[in-house]
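Each chain, letter by letter, is given below.
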Amino acid sequence: MEAYLSQLLTDLCARHGQFPPEPNMRSLAPDPHFPEAMTDSLAYLYGPRYSMSDLFDLEVEVFPPLEKLTEAQATNLAQAILDLWRSINIEADLPDDLPLHIAYPVLLQRWKGEPLSVV
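Residues numbered from 1 in each chain as written. Predicted model: local features only at pLDDT ≥ 70, side-chain atom pairs only at ≥ 80, totals over all residues. Heavy atoms only, no water.

A. Region of the structure containing a negative patch on the surface. On the surface, a cluster of negative charge is contributed by Asp 54, Asp 57, Glu 59 and Glu 61. Considering the arrangement of structural elements, one finds Asp 54 in helix 3 (residues 52-56). The class for Asp 54 is exposed, based on a relative accessible area of 56%. (Patch = residues over 30% accessible without salt bridge, like charges linked within 9 Å, V, L, I, M, F, W, Y side chains within 5 Å. Areas by Shrake-Rupley, 256 points an atom, 1.4 Å probe, with all protein chains shown as cover. Salt bridge = Lys/Arg side-chain N within 4 Å of Asp/Glu carboxyl O. Lys, Arg positive; Asp, Glu negative; His and termini not counted. Charge placed at Lys NZ, Arg CZ, Asp CG, Glu CD. Helix = DSSP H or I, 4+ residues; strand = E, 2+ residues; numbered from the N terminus. Buried < 20%, exposed > 50% of the residue type's maximum accessible area, 1.4 Å probe, protein only.)

Encoded structure:
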């Protein structure tokens, strides 16, 4: 299991900062007088949405279930997921005092959740 987790952590680190392609918001606002500052709002509202699996090219199934991990392993994986998300400006809203090994299954649920708009 240690070799697998080491490779998974390496894979997570390798994906840091890999933003999806930027959508062409001019197609949503073809008027040349449309304020450039509004294109981010258009991208958020009407741009493409990505699942975590699509964003990071990792299916949630590659993550071991909590029952097969030690507390330290779950903590390391949870921290790696949070670091990956932060690398493209996704922030998890977790209580400050929540231990990361307990947050791990919650993060995996989000990984499987609704697609995101990444602007």
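From this point, things continue past the structure.
B. Spotlight on the environment of Lys 68. Position of Lys 68 relative to the elements: it lies in the loop between helix 3 and helix 4 (71-87). Setting aside anything within four residues of it in sequence, one finds Lys 68 in contact with Met 1 and Gln 73. (Contact = heavy atoms within 4.5 Å.)

C. Layout of the side chain of Gln 73. If you trace the backbone, Gln 73 turns up in helix 4. Classification of Gln 73 by relative accessible area gives buried; the value is 13%. Residues contacting Gln 73, with those up to four places away along its chain left out, are Met 1, Glu 2, Leu 5 and Lys 68.

D. The packing of helix 4 against helix 5 (residues 100-112), seen in detail. At a closest axis distance of 8 Å, the pairing of helix 4 and helix 5 adopts a crossing angle of 50°. For the element pair helix 4 / helix 5, the angle class is oblique. In this structure, the crossing between helix 4 and helix 5 has a hand that is left-handed. On helix 5, the residues that touch Glu 71, Ala 74, Thr 75, Leu 77, Ala 78, Gln 79, Ile 81, Leu 82, Leu 84 and Trp 85 of helix 4 are Leu 100, His 101, Tyr 104, Leu 107, Leu 108, Arg 110 and Trp 111. Residues that form the contact of helix 4 with helix 5 fall into these classes: 12 nonpolar, 3 polar and 2 charged. (Axes fitted to C-alpha atoms, helices over the stretch in contact; angles between N-to-C directions. Parallel < 35°, antiparallel > 145°, perpendicular 65-115°, else oblique. Left-handed = near helix turned anticlockwise from the far one by under 90°. Nonpolar A, V, L, I, M, F, W, Y, C, P; charged D, E, K, R; others polar.)

E. Expanded view of the packing of aromatic side chains. The tally for this structure, following the rule as stated, stands at 3 aromatic pairs. Plain terms: the ring middles of Phe 56 and Trp 111 are 5.5 Å apart, the flat faces sit at 40° to each other, and that makes the pair tilted. In this pair, Phe 56 is assigned in helix 3 and Trp 111 in helix 5, connecting sequence segments 55 residues apart. We note that Phe 56, like Trp 111, is buried. Note on Phe 63 and Trp 111: the rings are 5.0 Å apart at their centroids and 65° apart in plane angle, and the pair reads as edge-to-face. Separated by 48 residues along the polypeptide, Phe 63 in the loop between helix 3 and helix 4 and Trp 111 in helix 5 bring together distant segments of the chain. Exposure remark for Phe 63: the relative accessible area of 5% places this residue in the buried category. (Phe/Tyr/Trp six-rings, centres within 6.5 Å; stacked < 30°, edge-to-face > 60°.)

F. View of helix 1 (residues 2-14). If you check helix 1, its first and last C-alpha atoms are 18 Å apart, about what 13 residues at 1.5 Å a residue would give, namely 18 Å. Residues of helix 1 that are buried make contact with helix 4 and helix 5. (Expected span 1.5 Å × (residues − 1).)

G. Focus on the environment of Ala 72. Mapped onto the elements of the fold, Ala 72 is located in helix 4. When the C-alpha positions of Ala 72 and His 101 are compared, they lie 7.3 Å apart, and in sequence the two are 29 residues distant.

H. Fine view of unusual backbone geometry. The phi dihedral of Asp 57 is positive, around 55°, even though this residue is not glycine. By the secondary structure assignment, Asp 57 is in the loop between helix 3 and helix 4. Positive phi, normally seen in glycine, also occurs at Asn 89, with a value near 70°. Of note, Asn 89 is situated in the loop between helix 4 and helix 5.

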